[in-house]
Amino acid sequence: GKLLSSPMTQLRRQLHAKIAKAKFPFGQRQRVEEILVQAVCHFRIYRNRQQKNLAPISGRFQFRKQVQKRGPKDKKDIRMYLLSQIHYAWVVGFQAYPNINNKDYADSPFVIFAESILLSEGVARIHTNLEEFRSYRKKQLEASGFKVVRGKVR
């Protein structure tokens, strides 16, 4: 009945299928699924909260409690979070750093996997977002004193 069609069950089923399609090692699939279910849930909660905060307030005597800057900058953090968790799930699953291919080449298995999740969450411009994540990650790691060479931490 109702239990089978809960949003959480649907999300789990969708992610389970995507993990299988990406051919994650069987021993890691459950852990990867947990990482991704949690990440997508947090992403959805935060994204929905932001949309509510940006909604115009109707009515004569209501004042906006907080003034929030509009525009894509507000959504960048939550996108970077989701990308970092997809990245982390890949590292946990395959015990390897994912390849993000250049625009003129066929998509790598990681890009195909990330794209399947991002598109289902309404995140477009996959390659742009992955490249933005790569430079964001590099900046964060280098700010923490790590050396990053071609995406790998040394």
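Details of the environment of Tyr46
Consideration 1: Summarising the element assignment, Tyr46 is placed in helix α2 (residues 26–54).
Consideration 2: For Tyr46 and Lys75, which are 29 residues apart along the polypeptide, the C-alpha to C-alpha distance reads 9.2 Å.

Quick look at helix α5 (residues 126–143)
Consideration 1: Across its 18 residues, α5 extends 25 Å between first and last C-alpha, which sits within 8% of the 26 Å expected from 1.5 Å per residue.
Consideration 2: Every buried residue belonging to α5 is among Ile126, Asn129, Leu130, Phe133, Arg137 and Leu141, and all of these are buried. Angular distribution of buried residues about the axis of α5 spans 100°; they occupy a single face of the element. Facing away from the buried surface of α5 by more than 90 degrees, the exposed residues are Lys139 and Ala143.
Consideration 3: Positive backbone phi, approximately 95°, marks Gly145, located one or two places after α5.

Remarks on the nonpolar core
Consideration 1: By size, the foremost hydrophobic cluster in this structure holds 30 residues, and its most contacted members are Leu36, Ile86, Phe113, Leu118 and Leu130.
Consideration 2: Counting only elements with at least two residues in this core, the list comes to α1 (7–21), α2, α3 (73–94), α4 (109–120) and α5.
Consideration 3: Broken down by element, this core gets its largest block of residues, eight residues, from α3.

Let's talk about unusual backbone geometry
The general pattern is negative phi for most residues beyond glycine and trans for most peptide bonds.
Consideration 1: One non-glycine residue, Lys23, lies in positive phi territory at about 60°.
Consideration 2: Structurally, Lys23 can be placed in the loop between α1 and α2.
Consideration 3: For Lys23, a relative accessible area of 63% gives the class exposed.
Consideration 4: A positive phi angle, near 50°, is found at Arg125, a position not held by glycine.
Consideration 5: Residue placement: Arg125 occurs in the loop between α4 and α5.

A closer look at the packing of α1 against α4
Consideration 1: Running from amino to carboxyl end, α1 crosses α4 at an angle of 160°, the nearest separation of the two axes being 10 Å. Overall, the two elements α1 and α4 adopt an arrangement that is roughly antiparallel. At the point where α1 passes α4, the crossing takes the right-handed sense. Each of Leu15, Lys18 and Ile19 in α1 lies in contact with α4, whose residues at this interface are Phe113, Ser116, Ile117 and Ser120.
Consideration 2: Grouping the amino acids of the contact of α1 with α4 by side-chain chemistry returns four nonpolar, two polar and one charged.

Quick notes on the confidence of the model for the protein chain
Low-confidence regions, as indicated by low pLDDT, have predicted coordinates that should not be scrutinised in detail.
Consideration 1: Model confidence for the protein chain is summarised by a mean pLDDT of 85, while 81% of its residues fall at 70 or above.
Consideration 2: The lowest-confidence element of the protein chain is strand β2 (residues 152–153), averaging 79 in pLDDT; the highest-confidence one is α4, averaging 96.
Consideration 3: A low-confidence stretch, residues 61–66 stays under pLDDT 50, and its non-local contacts, those more than four residues away or across chains, total eight contacts.

Re the packing of α4 against α5
The relative placement of two packed helices comes down to the angle between their axes together with the axis-to-axis distance.
Consideration 1: At a minimum axis distance of 10 Å, the contact between α4 and α5 shows a crossing angle of 110°. In terms of their interaxial angle, α4 and α5 are classed as roughly perpendicular. Across the interface between the two elements, Phe110, Val111, Ala114, Glu115, Leu118 and Leu119 from α4 touch Ile126, His127 and Leu130 from α5.
Consideration 2: Of the residues belonging to the contact of α4 with α5, the class tally is seven nonpolar, one polar and one charged.

Rules and cut-offs
- Residues numbered from 1 in each chain as written.
- Predicted model: local features only at pLDDT ≥ 70, side-chain atom pairs only at ≥ 80, totals over all residues.
- Heavy atoms only, no water.
- Helix = DSSP H or I, 4+ residues; strand = E, 2+ residues; numbered from the N terminus.
- Expected span 1.5 Å × (residues − 1).
- Buried < 20%, exposed > 50% of the residue type's maximum accessible area, 1.4 Å probe, protein only.
- Arc of directions from axis to C-beta.
- Core = buried A, V, L, I, M, F, W, Y, C linked by side-chain atoms within 4.5 Å.
- Axes fitted to C-alpha atoms, helices over the stretch in contact; angles between N-to-C directions.
- Parallel < 35°, antiparallel > 145°, perpendicular 65-115°, else oblique.
- Left-handed = near helix turned anticlockwise from the far one by under 90°.
- Contact = heavy atoms within 4.5 Å.
- Nonpolar A, V, L, I, M, F, W, Y, C, P; charged D, E, K, R; others polar.
- pLDDT = per-residue confidence, 0-100.

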